[in-house]
Amino acid sequence: MDEKNNKTNKTLTGIVIVLGVVIIILLAIVIAGIAGKKKKTTEATTVSNSTEEVNEATKTDATKTDETTENSDTKEGNTEAASQSDCYVEIKNDNSWENSGKFCGGLSISIVNKSSNELKDWKIELSVPDGFVIDGSWNGNFDVKDGKLTITPVEYNGTIGAKQTLKDIGCNVTVGTKEELAALTKGAVLYIGGSVYEGSPVQEEATTEQKAEETTVEPAKKPETETGSPFENHGKLSVKGTDIVDKNGEKYQLKGLSTHGLAWFPEYVNKEAFTYFRDDWGANLIRLAMYTDENGGYCNGGDKNGLKSLIDTGVNAATELGMYVIIDWHILHDLTPVKYQDEAKLFFDEMSKKYKDYDNIIYEICNEPNGGTSWSEVKGYAEEIIPIIRANAPDAIIIVGTPNWSQDVDIAANDPITGYDNIMYAIHFYAATHTDGIRSKVTTAHDKGLPIFVSEFSICDASGNGAIDYGQADKWFELIGNYNLSYAGWNISNKNETSSILKPSCSKKNGWSDDDLSETGIWLKKTIGSN
Ligand code: IDC
């Protein structure tokens, strides 16, 4: 019995020991498991924390870079601080058609840059199927090799401004099937300066950075104005009835010239050139034309900082010379000012803050609405932009474009913008195309009390080229004289087109003589001098 008990006891003890060991092992496993999990969780938290930290650090760095190295950034281009997820390429298939059993379609390609850095040296790569053919392409160099399409910039769109989208790159292609065509809209890789940029095309609200930019513009210091200059004598202008009047309430007429697109003919924005127009021609006005949507324009791949610094050079040169200056948001290809309304708001906010202490600036908020854009649409846009300018420049003259390439002043006269002083409306004419019909619109609008500004005209046809019509030009100037209209002639450049005031062979940037002037130049010089 004892022995039996002993045995039983031993067996029980053995079981207890084994169970104990098993439990200990199990416990150890469980504890190790929990510990492992804990460790992983901690790791995960640490990773995401540190990612956030890195992001924060990048953000701060990026902001710093923005503040301090605008120049070096634009000079050297790129990208160091541009977050790679802020930039990406988007490909859309706009249309498709069948041709001889194959599939053809149009691809439109944009590069979105949401970062605060200018991007240079971009390249897009896209895998393409066998039998892929490019039938035509625009605004890029398209190269197909080893099943890969590579797109690189052309001369004028190699730089993508901060917070800009480079658009209008595109091609027509032929592939074997509909599916192959659809697949081309996916999987494109964007390289900037050799690195992959692969942000996602999620549209965001204006970033806080953007909003901050809106409010941190420092007013520029107005330069001294020459004594005896037009501004010294006439001061701040305002609109009274249909007329511009000077600081003494006397009727005043602005007359001068418009630059060509600042992006293409920047070399004529210099003080010596403006001095020549003031002293040799009798001009008191310079219009700075900043295209928005043409390739290389402010909203289409243009170098924004470069363009704004040209405006600054022009504004300061004109101010020193005591000339008046129009900052012209030169919409044209964009058809409606609404297309870049958000850009326009930021731009005019910045300009009017920067030049708030200047009294010689005129804001032209939309050169030529066209393509069927209605007056109510233009008016709606104007009612968004005017208060932004007014917040900083309470009295500045603002010129509003009118439908049909700024011809329909009669329509604007039926429904003018109310609630603001010093608003004028643009009429543009090209004398060889626009004759009695458009002049009668001016007469109608003027008779209804609309203040009209001829902020652009020439004496050739509407293409800016073709033959000069001196007879119609004289009729226009009769009207201009009768109604005391202010005017700016198109354009200061040596481009080989009739409206340029310089001969194509003239390469001088200022200090011209009559020999350097085109026929249009000769006529305009005489006209400004005597009207
Ligand atoms: C023309 C320029 C021409 C340029 C073209 C761009 O003269 O060199 O290639 O723009 O689209 C306007 C416009 C003005 C035009 C001008 C002549 O405001 O930008 O300039 N024009 O076509 N309205 C009527 C005529």
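Digging into the overall build of the chain
Stage number 1. Summing up its helical and strand segments, the chain has 14 helices and 22 strands in all.
Stage number 2. Across the 531 residues of the chain, 49% fall into the buried class.
Stage number 3. Taking the contacts inside the chain whose residues are at least 6 apart along the sequence as the reference set, 76% of them involve residues at least 24 apart.

A few points about the pattern of salt bridges
Stage number 1. Enumeration according to the criterion identifies 24 salt bridges in this entry.
Stage number 2. With a closest N to O distance of 3.0 Å, Glu-226 and Arg-278 form a salt bridge. Of this pair, Glu-226 sits in the loop between helix H4 (208-215) and helix H5 (230-234) while Arg-278 sits in helix H6 (residues 271-281), placing them 52 residues apart in sequence.
Stage number 3. We note a salt bridge from Arg-278 to Asp-279, for which the minimum N-O separation is 2.8 Å.
Stage number 4. By relative accessible area, Arg-278 is classed as buried at 15%.
Stage number 5. A relative accessible area of 48% means that Asp-279 is categorised as partly exposed.
Stage number 6. A single network of salt bridges, built from pairs that share partners, joins Arg-287, Asp-328, Glu-364 and Glu-456.

Points about the sheet that holds strand E14 (residues 251-252)
Stage number 1. The three strands are arranged E12-E13-E14 in an open sheet whose pairing can be described as antiparallel. In this open sheet, the two edge strands, each paired with only one partner strand, are strand E12 (238-240) and E14.

Comments concerning the site of the ligand
Stage number 1. Around the ligand, the surrounding shell holds 15 residues, and the nearest of these are Tyr-291, His-330, Glu-368, Lys-495 and Glu-497.
Stage number 2. The separation between an oxygen atom of the ligand and a polar side-chain atom of Glu-456 is 2.8 Å.
Stage number 3. In this structure, an oxygen atom belonging to the ligand sits 2.6 Å away from a side-chain N or O atom of Glu-497.
Stage number 4. In the complex, the protein chains occlude 81% of the 510 Å² of accessible area that the ligand would expose alone.

Describing the packing of H6 against helix H14 (residues 519-530)
Stage number 1. Put simply, H6 and H14 touch, their axes get as near as 9 Å, and they point 60° apart. As the angle between them shows, H6 and H14 are arranged oblique. Along the contact surface, H6 presents Tyr-276, Asp-280 and Trp-281, while H14 presents Gly-521, Leu-524, Lys-525, Ile-528 and Gly-529.
Stage number 2. Each residue belonging to the contact of H6 with H14 can be placed in one class, and the counts come to four nonpolar, two polar and two charged.

Description of helix H9 (residues 375-390)
Stage number 1. With 16 residues, H9 should cover 22 Å at 1.5 Å per step; its first-to-last C-alpha distance of 21 Å lies within 8% of that length.
Stage number 2. All buried positions along H9 are accounted for by Trp-375, Val-378, Lys-379, Tyr-381, Ala-382, Ile-385, Ile-386, Ile-388, Ile-389 and Arg-390.

Considerations on the sheet that holds strand E6 (residues 141-145)
Stage number 1. Spatial strand order, E6-E7-E4-E10-E11: five strands in an open sheet with antiparallel pairing. Of all the strands in the sheet, just E6 and strand E11 (195-197) have a single pairing partner and so form its edges. Neighbour to neighbour, the strand axes of the sheet diverge by 30° on average, direction disregarded.

A word on the confidence of the model for the chain
Stage number 1. When pLDDT is averaged along the chain, the result is 86; 81% of the residues meet or exceed 70.
Stage number 2. Considering only residues more than four positions removed or in separate chains, one finds that residues 200-206, a stretch of pLDDT under 50, has eleven contacts.

Section: the packing of aromatic side chains
Stage number 1. Applying the stated rule across the entire model yields 25 aromatic pairs.
Stage number 2. Summarising the aromatic geometry, the rings of Trp-264 and Tyr-291 are spaced 4.6 Å apart at their centres and angled 55° between planes, so their arrangement reads as tilted. Residue Trp-264 is found in the loop between strand E15 (255-261) and H6, and its partner Tyr-291 is found in strand E16 (residues 285-291); the two are separated by 27 residues along the sequence.
Stage number 3. Aromatic pair Tyr-276 and Trp-512: ring centres 5.2 Å apart, planes at 70°, arrangement edge-to-face. One end of the pair, Tyr-276, is in helix H6; the other, Trp-512, is in the loop between strand E22 (486-492) and H14, and 236 residues separate them in sequence. Considered together, Tyr-276 and Trp-512 belong to a single accessibility category, that of buried residues.
Stage number 4. These aromatic residues form a ring-pair network of at least three members: Phe-265, Tyr-268, Tyr-276, Phe-277, Trp-281 and Trp-512.
Stage number 5. Above the face of the Tyr-191 ring, Lys-123 is positioned so that its terminal group lies 4.9 Å from the ring centre.

Each value, and the rule that gives it
Residues numbered from 1 in each chain as written. Predicted model: local features only at pLDDT ≥ 70, side-chain atom pairs only at ≥ 80, totals over all residues. Heavy atoms only, no water. Helix = DSSP H or I, 4+ residues; strand = E, 2+ residues; numbered from the N terminus. Buried < 20%, exposed > 50% of the residue type's maximum accessible area, 1.4 Å probe, protein only. Contact = heavy atoms within 4.5 Å. Salt bridge = Lys/Arg side-chain N within 4 Å of Asp/Glu carboxyl O. Pairing = 2+ DSSP bridges. Near = heavy atom within 4 Å. Polar contact = N/O pair within 3.5 Å; in protein donor to acceptor, adjacent residues only side chain to side chain. Areas by Shrake-Rupley, 256 points an atom, 1.4 Å probe, with all protein chains shown as cover. Axes fitted to C-alpha atoms, helices over the stretch in contact; angles between N-to-C directions. Parallel < 35°, antiparallel > 145°, perpendicular 65-115°, else oblique. Nonpolar A, V, L, I, M, F, W, Y, C, P; charged D, E, K, R; others polar. Expected span 1.5 Å × (residues − 1). pLDDT = per-residue confidence, 0-100. Phe/Tyr/Trp six-rings, centres within 6.5 Å; stacked < 30°, edge-to-face > 60°. Lys NZ or Arg CZ within 6 Å of the ring centre and 35° of its normal.

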